[in-house]
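Inside the fold
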Amino acid sequence: MNGPETVQLFPFAEVAGDTYRFGYRAIGVREYVSAVEMPAQLVEQAVRTRASSTVEISPDGMVIAHVLWSHASDTMPDSSTDLEALDVLVRRAVTFENLRMEEATVSDLNRLLQRLERSISLVKDAISQMSSEPITPV
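Since this is a predicted model, take the numbers as computed values, not measurements.

Glancing now at the sheet that holds strand β1 (residues 9-16). Strand order in the open sheet formed by three strands is β1-β2-β3, with antiparallel pairing between adjacent strands. Strand pairing shows two members of the sheet lacking a second neighbour, β1 and β3 (32-39), which therefore form its edges. Taken over all neighbouring pairs, the strand axes of this sheet differ in orientation by 20° on average, direction set aside. Judged from the seven bridges that link them, strand β2 (residues 19-26) and β3 form a sheet pairing that is antiparallel. Among the inter-strand pairings, Y24 is bridged to a residue of β3, identified as S34.

Applying the stated criterion across every chain yields a total of one aromatic pair. Arranged with centres 6.4 Å apart and planes meeting at 25°, the rings of Y20 and F22 form a pair that is stacked.

Here we come to the pattern of salt bridges. Using the criterion set out here, one finds seven salt bridges in the structure. In this structure, R25 and E14 form a salt bridge, with 3.1 Å as the shortest nitrogen-oxygen distance. Pair noted here: R25 is in strand β2 and E14 is in strand β1, with a separation of 11 residues, a long-range link. For the salt bridge of R111 with D108, the shortest nitrogen-to-oxygen distance reads 2.5 Å. One end of the pair, R111, and the other, D108, are both in helix α4 (residues 106-130), three residues apart, so they sit about a helical turn from each other. By relative accessible area, which is 29% here, R111 ends up partly exposed. When salt bridges with common partners are traced through the structure, they connect E14, R21, R25 and E37 into a single cluster.

Calculation criteria
- Residue positions are given per chain, counting from 1 as you read along its sequence in written order.
- Local features in a predicted model are, by the rule used here, given only for residues with pLDDT of at least 70; side-chain atom pairs are given and counted only at 80 or more, and totals for whole chains, interfaces and linings are based on all residues.
- Calculation of side-chain values draws on the structure's entire complement of heavy atoms; hydrogens and water are dropped beforehand.
- Strand pairing is assigned whenever DSSP detects at least two bridges linking the two strands.
- Helix and strand assignments follow DSSP, with helices taken as H or I runs no shorter than four residues and strands as E runs no shorter than two, numbered in order from the N terminus.
- Lines are fitted to the C-alpha atoms to define the axes, a helix being fitted only along its stretch in contact, and any angle between axes, read from their N-to-C directions, falls within 0 to 180 degrees.
- Any Phe, Tyr or Trp ring, taking Trp's six-membered ring, that has another such ring centre within 6.5 Å forms a pair; planes under 30 degrees apart are called stacked, those over 60 apart edge-to-face, and the others tilted.
- What counts as a salt bridge is simple: a side-chain nitrogen of Lys or Arg found within 4 Å of a carboxyl oxygen of Asp or Glu.
- Exposure classes here rest on a 1.4 Å probe applied to the protein chains alone. A residue is buried below 20% of its type maximum, exposed above 50%, and partly exposed in between.

Here it is as structure tokens:
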């Protein structure tokens, strides 16, 4: 077996209906590796008030949202940081009620599964680079 494959990512931002989508794509691939959708109204207000927002995933799987509000020359971090475990977000996304309201298709769920499997592969690669111990399946 050859060494781990390196995937080069690049950031993107796009309009998706009444939301903005921000995330990362693998170079040469149309599908995104990760993305966050935010209501257009929230993003536009943030731009008008010189605020910025970021979403990150910590190494232990917590999804963290930050909003920084800029006031004149001072930048004051907003104390409201949302923390949610990645598996909790996935669980919420695939509930019957959410899937019905979002009019999700089997194709949508297959894309989600592909992205999660790609994510698992990236985490396994990181573990193998950090340790010579075998990866324990969950």
